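Each chain, written out:
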Amino acid sequence: MSVDLADILAARRAIAGIAARTPMVPSLAVDGDLLLKLETAQPIGAFKLRGALNAVAAVPDGAPGVTCCSTGNHGRGVAFAARAAGLRAVICMSELVPRAKVEGILALGAEVRIAGRSQDEAHAESRRLAREEGLIEISPFDDPLVIAGQGTIGLEMLEDRPDLAAILVPLSGGGLAAGVALAAKAIKPSIRVVGVTMERGAAMFASIRAGHPVEVEEVASLADSLGGGIGLDNRLTFALCRDLLDDCVLVTEQEIYEAMQALYYEDRMVAEGASVVGIAAMRAGRLPAFDGPVATILTGRNVDMITFTDIVVGRGIRLGEVEVKGRGYGA
Ligand SMILES: *Cc1c(COP(=O)(O)O)cnc(C)c1O
């Protein structure tokens with residue numbers, strides 16, 4: 001089982017017409033040049049639609065439906081893709097998932113199964129549905145079709161800007177980073193692909209460090225879409241990220257907070273914490289020098305609006321044990 005450029009080109013054909021071909025625009029949120037690939041403009045507000053559409057397109061005729069576990073954007077993507085294909089979708093979530101996210105998925109016509117108090121228990125439920133009811137389970141990242149779908153972002157970025165020297169990719173389970181790195185390096189071997197993630201709870205970073213998949217404690221973060229493990233039985237994304245990423249950079253919650261403000265005030269854009277880690281890394285001077293233009297992916301806009309509003313006006317944010325200090329933009 002592997003993924004190559006041909007799979008990514010096939011994914012592009014499979015998702016065309018439903019997933020948007022998103023624009024890439026210059027940002028004013030950093031000193032220096034940075035391009036933003038606007039996956040916030042996808043119909044579900046996040047890039048995960050690409051992988052979900054590609055995986056759903058491969059579901060065999062006669063299958064009774066699809067299932068997945070998710071805390072947010074993957075569930076939305078699978079629900080949207082299943083509805084477009086006329087398939088039943090059952091999204092498994094833990095009791096801790098906010099009501100608004102459950103409602104967003106119900107509004108797309110999917111069933112929601114609340115199972116247990118953690119992502120692991122939700123995952124056990126989607127596995128059970130696959131085993132007992134024959135639903136096709138779609139992993140949020142560790143699936144060749146999902147990786148190929150996310151890789152279509154890399155194709156578009158290099159088509160629009162063949163001169164790119166580096167791509168900064170928000171990193172969690174690594175489906176996005178693996179797909180984008182596969183596509184970009186197949187087209188332009190000299191390009192640098194850098195994973196960026198939050199300092200606390202970064203499972204892929206810790207796994208690459210350790211040389212094998214490890215578990216990290218899941219903690220609250222402004223980049224909530226980057227939380228969760230990579231699976232101790234990881235099949236694909238661990239090895240792909242280890243082999244293809246040129247670097248992996250961490251940013252603090254305070255840096256994510258300030259990057260969300262900068263994106264709002266300078267570019268007039270709303271995005272989740274997970275989306276702005278590339279901007280945060282650049283603003284904090286955490287990146288090496290690249291000899292050419294740099295781009296990052298604004299991966300999603302599905303931020304809790306109360307939290308977002310607090311950040312915009314400079315109020316402090318409490319994340320479990322951690323406190324992000326309030327600070328007005330530019331103050
Ligand atoms: C899922 C997600 C990511 C990370 O993608 P992985 O493939 O899990 O690394 C980044 N940003 C947003 C908004 C996401 O939903």
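Rules behind the numbers
Residues numbered from 1 in each chain as written. Predicted model: local features only at pLDDT ≥ 70, side-chain atom pairs only at ≥ 80, totals over all residues. Heavy atoms only, no water. Near = heavy atom within 4 Å. Polar contact = N/O pair within 3.5 Å; in protein donor to acceptor, adjacent residues only side chain to side chain. Areas by Shrake-Rupley, 256 points an atom, 1.4 Å probe, with all protein chains shown as cover. Nonpolar A, V, L, I, M, F, W, Y, C, P; charged D, E, K, R; others polar. Pairing = 2+ DSSP bridges. Helix = DSSP H or I, 4+ residues; strand = E, 2+ residues; numbered from the N terminus. Disulfide = S-S within 2.5 Å. Buried < 20%, exposed > 50% of the residue type's maximum accessible area, 1.4 Å probe, protein only. Contact = heavy atoms within 4.5 Å. Domains from an automatic or database assignment. Buried area = accessible area lost by both parts, 1.4 Å probe. Phe/Tyr/Trp six-rings, centres within 6.5 Å; stacked < 30°, edge-to-face > 60°. Lys NZ or Arg CZ within 6 Å of the ring centre and 35° of its normal. Axes fitted to C-alpha atoms, helices over the stretch in contact; angles between N-to-C directions.

Caption draft 1: Quick look at the site of the ligand. Inspection of the region around the ligand gives 15 residues, with Lys-48, Ser-172, Gly-174, Leu-176 and Thr-299 positioned closest. The backbone of Ser-172 places a nitrogen or oxygen atom 2.8 Å from an oxygen atom of the ligand. In the model, an oxygen atom of the ligand is placed 2.9 Å from a nitrogen or oxygen of the Gly-173 main chain. In isolation the ligand offers 380 Å² of accessible surface; the protein chains occlude 97% of this area. Class assignment for the residues of the shell around the ligand results in five nonpolar, eight polar and two charged.

Caption draft 2: Molecular detail of the sheet that holds strand β4 (residues 89-93). On the basis of which strands lie adjacent, the open sheet formed by four strands has the order β5-β4-β3-β6 and parallel pairing. Because the sheet does not close on itself, it has two edges, and the strands there are β5 (111-114) and β6 (136-137).

Caption draft 3: Representation of the state of the cysteines within the structure. For the structure shown, the criterion picks out zero disulfides. Unpaired in this structure, Cys-68 has its nearest cysteine sulfur neighbour in Cys-69, at a distance of 6.6 Å. Given a relative accessible area of 7%, Cys-69 falls into the buried group.

Caption draft 4: View of the environment of Met-24. Secondary-structure assignment places Met-24 in strand β1 (residues 24-26). Here the alpha-carbon distance between Met-24 and Phe-238, two residues 214 residues apart in the chain, equals 28 Å. Not counting chain neighbours up to four residues away, the residues in contact with Met-24 comprise Leu-35, Leu-36, Lys-37, Met-157, Asp-160, Arg-161, Leu-164 and Ala-295.

Caption draft 5: Representation of the domain arrangement of the protein in the model. Looking at the assigned domains, one finds that the protein contains domain 1 (5-47 + 143-324) and domain 2 (48-137). If you average the C-alpha positions of domain 1 and of domain 2, the two centres end up 23 Å apart. Contacts between domain 1 and domain 2 engage 26 residues on the former and 15 residues on the latter. When domain 1 packs against domain 2, the two sides together hide about 1800 Å² of surface, and 60% of this comes from carbon and sulfur.

Caption draft 6: Examining the packing of aromatic side chains more closely. Applying the stated criterion to the full structure yields three aromatic pairs. Residues Tyr-264 and Phe-308 carry aromatic rings whose centres are separated by 5.6 Å and whose planes lie at 75° to one another, so their mutual orientation is edge-to-face. Within this pair, whereas Tyr-264 is found in helix α10 (residues 253-267), its partner Phe-308 is found in helix α12 (residues 305-312), the two being separated by 44 residues in sequence. Summarising the aromatic geometry, the rings of Tyr-265 and Tyr-329 are spaced 5.1 Å apart at their centres and angled 5° between planes, so their arrangement reads as stacked. Taken as a pair, Tyr-265 in helix α10 and Tyr-329 in the segment after β12 (322-324) lie far apart in primary sequence, 64 residues in all. Look at Tyr-329 and you get partly exposed, because its relative accessible area is 27%. Between Arg-83 and the ring centre of Phe-80, over which it is positioned, the NZ or CZ distance is 5.5 Å.

Caption draft 7: Examining α12 more closely. Along α12, the residues classified as buried are Phe-308, Asp-310, Ile-311 and Val-312. On its buried side, α12 packs onto α10 and β11 (317-319). Note on α12: the residue one or two positions beyond its end, Gly-314, has a positive phi of about 85°.

Caption draft 8: Geometry of unusual backbone geometry. Here Arg-268, not a glycine, exhibits a phi torsion of approximately 60°, which is positive. Here Arg-268 shows up in the loop between α10 and α11 (277-283). Judged by relative accessible area, which is 64%, Arg-268 ranks as exposed.

Caption draft 9: Just the sheet that holds strand β10 (residues 294-298), in detail. As summarised here, the arrangement of the six strands in space is β1-β2-β10-β7-β8-β9, forming an open sheet in which the pairing is mixed. Of all strands in the sheet, those with a lone pairing partner are β1 and β9 (247-251), marking the two edges. Neighbour-to-neighbour, the strand axes of the sheet open up by a mean angle of 30°, direction not taken into account. Of the pairings in the sheet, the one linking β1 to strand β2 (residues 35-38) comprises three bridges and is antiparallel in character. Bridge assignment links Met-24 to a residue of β2, and that residue is Lys-37.

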